[in-house]
Each structure stands twice: as structure tokens, then as C-alpha cells.
Amino acid sequence: MTAELHEELTDPHGEQLDHGAASSRPLKSRIAEPQPRGAKIRGNRPVDQSEAANRFMAATEHEAMHDARLWDLRQKRDKEMHGIEEWEELRNLASGIKEHTLSKLDYYLELFEKNATANGIKVHWAKDGAEHNAIVLEILRSRGVERLIKSKSMLTEECGFREFMAHNHVEVIETDLGERIQQLDDEAPSHVVVPAVHKLRTDVASVFAKTIGSDPDNADAHYLTECQREATRPLILSAQAGMTGGNFVVAETGTFVVCTNEGNADLSANTPPLHIASIGIEKLIPGLNELPVFIRLLSRSALGSPITQYTSHFRGPREGGEMHVVLVDNGRSERLGMEKFWPGLKCIRCGACMNTCPVFRRSGGLSYGATYAGPIGLIIDPTFNVHKYRNLPYSSTMNGSCTNVCPVKINIHEQIADWRKTLAGDGEISPVKKVMMKAAGEVLASPVVYRASLPLGRSALRHLPHFMLYNKLNTWGRKRDIPETPKQTFNEWYRKNRKSQEKSQSEGENS
Amino acid sequence: MKVGLFVPCYVDMFHPETGIATLELLERFGLSVEYPVDQTCCGQPMTNTGCEREAAKTEELFVRNFGKYDYIVTPSGSCTNQVRNNMTAIEQTDAVKHVRSRTYELVEFLHDVLKVDAFPWAEFPHRVALHNNCNTLRNLRIASMSERREEPFSKPKALLGMVKGIEFADLTRPDECCGFGGTFSVFEEGVSAKMGQDKVTDQLKSGAEYVTSSDSSCMMHQEGCARRMGANLKYIHIAQILNGARA
Ligand code: SF4
């Protein structure tokens, strides 16, 4: 199938016009580097993020593109930040509003329910993913829905919604382009805002060639988008129900707000007569007065654009239509009770922490093997399954960049450190780490043992502190040279050159 | 003013010249500086890995060694951060609190406590790239960070600016982490090394002859990557430049 290009996008000579960031040229002659896949999931066994990260980095083109693209977003974010004098004040406000709302969450949830119901919205409560899926299925079945169009939502990823619906013979069509690519490739989103950011255009070309019959040799972004549009529009038009998430839920008005750049949430919500919004209970804000604080921060932090293309307010069903909101807990209440980890609930899913994270940029979001990747993932994934995600808090240098870009001031890097403590305390730490740290703790607690363990005069492999090479694997030396060992340590130098002076001085004083 | 010198394990073992430069530099300002010879480490490797209990005895030893000084100074930002912000495995007695609040990284000690305004003996006619360790940058706030909207400042640059002949080389990602990350460098070796290589590439592109930092651990990692890559870059601790090292 070949997609027709719209006339206005074609210049008189039949060439495609460049259009901003997506401008691209067809790639035909090169042999494409195959796309590295994400972490290997083996039941409940702890995910090995570094194994998947190593495979991602081995695909050098992918890694370089991924790092450059996300770093570009970070730089655009910085530029927007500098355009707003009160940026840090906005962050304080946003954090304060979220903390306030979370501390009175029961009150605001009930207020929302009351006001939304008065607006004609049907409000449902789901304690976990399974309940959410069952509620939605029931709504769809009772209305004979066979096809559902959907805009991007991390919450539905949490709930395993697509698989569940496939199992129950409801066709789900993602309408966000990146999410649709991921759906067609049967892969989870790798990033909360740009779900297919880990893919090269050539990867997308091969996915589309297999699934919607586009030309496998044409990796032009414009062509591919157009093909997808042609393939998906008819499905959208014939769907009987639409689903969205919700970025902000306004208690005072009983309304909710959805932010997108492609307008696909509006398409999903407004095309069919039935609109279901699945929303996590932490998305509440008190009133419309508080909303602009978040709207000003969200897209600037996420993509470095002043505002999302579409900021849509939903306040009730249209005539003859239906609107449902499913408020989902799925572990959030429990997290709210965790002394150190509750601030993670302030997250507005802007992805800025991922864009800035040097580990994320080099590993790809799928290497985390969890719904949430990157810094925010490290601190919330273990709340879903502490054993399976126990290695994730170690996938960080704790450099703190995430904490400082976060628009709602979540102390991400401190929570990463706290997770390490919590995991070690609960015995959820790998035996290698445990043994090494126990040994290091003993050696470093005793000056005599410590001095005796020093590497001087031993083989090169031992030329590193005990705790670095205890496992005999010399991971240090694989890609780095080992520092040369000087003739004497500082301690020895001091004893020779200063300690003796001190002694003779004090002896002199005594005599 | 009695100053205790803490020389972190990396510096003690691999870069004694940094310890010597720190000691000599402090003495140039007329301070009486002592190095308690029974010191080992600040407990960072264990704490960093989450093993707080395993860090307790090392922390106790640290407090025993340094309790008697007015200030504890060390040529390492990450160790300072450990002592000041993370030394929580032991009971917070007055002695512990004293040590924690009195421990300073060398640059901040020179800049904030001594308020040094000249290094007449120092001259370094070279093109130098500055690396700020992440703990030093974002936890000790030794310089402004690119993530925040704040007035630009840099304590290490202010000090280095007083050195005759020095020229700064600009990095494209000046405060991107180099990937050392303490035990991260061995547990997550692949990503760590890649980040180090990218850092070295950026330093090379800047046209720097030297890289300097107030942290030896990051530089040990970067230098290891640079050597393996065959990159022609030299690494020197800021204490040495400020103490008048010529090259
Ligand atoms: S943790 Fe902060 S920076 Fe990261 S996605 Fe959430 S709001 Fe954005």
C-alpha cells in the first residue's frame, strides 16, 4: 500500500517539504542496525537492567541517536526555563499544591466525585488494575463495544489493559503515533512522553512494513506518518468507544484536563459517543486556580515547548453521549503511607527526569523492564514489586540532576539512596553486593587491617581498593585503565616526612 | 584554628601528591594542620550501596580520628557530602554532630572559610577543563547548576581564576555526570564506562590540555577511560594547581 500525500505538503516538483523537527530524508541504501530489545523478563526474578543496557549500547547508532534526542529535549527545557523568571517559584508552588492535595486526598476525591456526578459524569472506583479492567470491560460489553480507540496512558500500562482487552476480544487502537508504533511492534512504551524514542526511523519503517504494508525501504518520517494516518483513521472513525487518561483532575469543578500534542485525546474522546477516562487518584488538584501552575511547567519540562498543542477540559458528556471516569488506586494509597517514598506521588509524568538522566539516555527505557523507566521508575517500581525491581535503584550514579529538573521537586536521588537502604535492610540485595560491603565495612573499620590490605607491590589486578575488586572480576579494568600505584601512599609519606618531625619537635619541646 | 586533614582512600593510595598539595596549601595560609594517621575512609562505599549497618564502625572510627579539630578539610567533595549529609549509621552524639558540621571540601574551605583572595605562588599557563563532581555540585552547591534557574557562580572557577596564565576550556555538557558514581563504577560497569568515554570525548573536543577537579575519584575514572581510549589529556587535582604546580 502506498500512502497518498496531501497536496499542500508537496512542493511543485513533487518533493516533500521539510517540516520542523520531523524533517527527514528517505534512507534507502544503508543496512539498518537492528533494534536492541528491552530487559529479559523471567517471571518474578529480579530484572537485570545493566544486561539490557549493555545490549542497547552495543547498538551504537541507537544509543547515539537516543542520547542526542533526549539531550536535545533537556536543552530545550533549559531554554524555556530561562524564559520564565519565576521558574523556581513555580516549582515550589507546584510541589506545595501537590503535597497539600495528597495530604487531604480523601476530601478532594469525594469533592470531585460529587461535582463530577452533578456534571453528568459517572465516577467509578478501582482498587487495582484488575478491578479497573473489569469495570471498563463491563461498560464496553453492556454497550456492545468491539473497538475502542485510546490515547496514551501510563496507568493503563500499569493495569495490563491492552492484553486484557485482547483476551476479551475488544480491539484497542492506540491513537498517539509513538504509542501506536509500540503497539504494532508489541513492545511497551520506553518513555512516558515519547514512547518510541528508542527507535530509529528504519525500525519504524520495518514495523509498518510488516503491519500496515508500507514500503520497507522508505524510512522518511513524513511518509511513515502519512501511512499510519491513512491506516488508522478508518479504525478511529468506526470505533464505538474512546478512552483517555487524565493529566489533572479538578476537584472543585468536577472536571479533568488532558494534555496532548497530537490532538489524539480529543479524537478518542469526541469521535465515539462513549468516553471513558482512566485516572490515578494522585492526579487530583484542588481547583482551576491551581491548574495554570502545572500547565506552565508540564510541557516546558517535558519537551521544552511552552505549552502542549492541546489542553482539553472535559466537563461532562455531550448530548446523547456518556462519560465515565475510573479512579484507580493500584498501590497508590499504600505508597501514600510510606514515610520516605510518598513524595513520588507528586509526579506529573513529564519525563524530564528521564531526559536528563545520563544512565537512561545510554540504556533506553525498555532496559528497566518495568512500566516506569528512568529516575521516577527507580523509586516507584519497587512499590509494585520489591523483589522483581530490587536492582533498579542501583541503576543510578545518584548525580541528582533528576531532582533538580523535576517540576514538582521530588527528591528523586535521595529516594534512590533510601531505597538502597530499605532494600539492604529487608534482605533484598544481591549476595555479591552484600558480601563485598560486609568485607569492606570490616576492613575500613580497622586502620591496621586496612593498611595491611593495601595493594602496594602486588599484582596489577589488585591495584584497587578491596571493595572494588573483591569479586575478582575486575569490572573496573574492562574498559578503563587501572591507575598506576605510586611508590608510597600519602600515609607513608606523612609518617616519613611529617610524623617524625612532629615527634622530634615535641621531644625538643620536652627537653 | 586546628585543622584535621582527611585524605580519602583513593587519594592515599593512588594520588599521594594530591594529599601533599592539600597539606602544603593549607599550611601556606598559616594553619596548623594535622593528619591523624589512623584514618581509613568516610564510609561512603557502604552507605552508597545501601549497607548502612556495615558503615557504622567506619563512621565511628572517623569521628574518633577527627573529633578534636575545629575544621576537617579534605580534597574530596563526595567524601564531604558523605560526612555532612549521610553519616547517619551511628548515634548522633555531640561529637558526631561537631564532626559532620565542621567537615569541608577543600575548595569551599578556601572560598567560604578562609576567603582566600590570592595565590601569588600559583601559575598554570595551560588550557584547562573543569569537572565538578556531582555531589560537590548538587549537594554541596559549589557552583550553580544548569538544571536550575539561578545566578551563575562557581567557587572552583573563582579560585582558579586567581592562578596566573590559566585558560578555561568549555565543555558542551559541563555538568553531565561522568559515570563514576562510587560503587556504580563496578556494579554497572558498562554504562559507567560509556559515560566516562563520552565525558573524555567532550573534554578532547574542548581543546583542553588538562582536566582538573576537586575530586580524585571522578578523575581516576575519567583518566582510566582516557588512557584506554588513547586520549591525550592530563588530569590534575585542583589542590596541585592552587599550590603552585607548574605542570
Ligand atoms: S519525577 Fe518529576 S521529572 Fe520525573 S516524570 Fe515525574 S514530575 Fe517529571
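Note that the coordinates shown come from a computational prediction; the quantities given were computed from them, not determined experimentally.

Side note on the UniProt feature "domain: Cysteine-rich" (unreviewed entry) in chain B
All names here are of chain B. In the UniProt entry, the feature "domain: Cysteine-rich" (unreviewed entry) is given for residues 3–83 and 128–221. As annotated, residues 3–83 has a helix share of 57% and a strand share of 12%, and its two end C-alpha atoms lie 16 Å apart. Spanning residues 128–221, this segment combines 41% helix with 11% strand, and its end C-alpha atoms are found 18 Å apart.

Some points on the interface of chain B and chain A
Taken together, the contact between chain B and chain A spans 69 residues of the former and 81 residues of the latter. Around 6,700 Å² of area is buried between chain B and chain A when both sides are counted, 59% of it from carbon and sulfur atoms. The largest contributions to the chain B side of the interface with chain A come from M13(B), E147(B) and R149(B), which together make up 11% of the buried area. Across the chain B-chain A interface, the total number found is 9 salt bridges. Note that D198(B) is salt-bridged to R362(A), the shortest N-O span being 2.8 Å. Between chain B and chain A we count 29 residue pairs in polar contact (both at pLDDT 80 or more) in total. If one sorts the elements of the side of chain B that touches chain A by residue count, helix α11 (residues 189–205) of chain B sits on top with 9 residues. Here the side of chain B that touches chain A is built from residues that sort into 29 nonpolar, 19 polar and 21 charged.

Focus on the site of the ligand
In the vicinity of the ligand, 13 residues are found, and the nearest of them are C347(A), C350(A), G351(A), C353(A) and C406(A). Considered class by class, the residues forming the shell around the ligand number 11 nonpolar, 1 polar and 1 charged.

Observations regarding unusual backbone geometry
Residues and elements named next belong to chain A. Of note, the phi angle at D186 is positive, near 55°, even though the residue is not glycine. For D186, a relative accessible area of 71% corresponds to the exposed category. One non-glycine residue, R349, adopts positive backbone phi at about 55°.

Quick notes on the rules
- Residue indices begin from 1 for each chain and proceed along its sequence in written order.
- Just so you know, chain letters begin at A and ligand numbers begin at 1, following the order they were written in.
- The model is predicted, so local features are restricted to residues of pLDDT at least 70 and side-chain atom pairs to those at 80 or more, both for listing and for counting; the totals for chains, interfaces and linings are taken over all residues.
- Side-chain metrics rest on all non-hydrogen atoms present in the structure, leaving aside hydrogens and water.
- UniProt positions are given in the numbering used here, feature names are shortened, and annotations may be inferred rather than shown by experiment.
- The secondary structure listing takes helices from DSSP runs of H or I that are at least 4 residues long and strands from runs of E that are at least 2 residues long, numbered from the N terminus.
- A contact between two residues is defined here by any heavy atoms of the two lying within 4.5 Å.
- Once two parts are joined, some of their accessible surface, as seen by a 1.4 Å probe, is lost; buried area is that loss totalled over both.
- By definition here, a salt bridge exists when the distance from a side-chain nitrogen of Lys or Arg to a carboxyl oxygen of Asp or Glu is within 4 Å.
- For this analysis, a polar contact is any N or O atom pair within 3.5 Å, provided that within protein one partner can donate a hydrogen and the other can accept it, and provided that sequence-adjacent residues contribute only side-chain to side-chain pairs.
- Each residue is assigned to one class: nonpolar for Ala, Val, Leu, Ile, Met, Phe, Trp, Tyr, Cys and Pro, charged for Asp, Glu, Lys and Arg, and polar for all the others, Gly among them.
- Each residue is tested against the molecule or strand, and it is near if at least one of its non-hydrogen atoms lies within 4 Å.
- Each residue gets one of three labels from its accessible area relative to the maximum for its type: buried under 20%, exposed over 50%, partly exposed in between, using a 1.4 Å probe on protein chains only.

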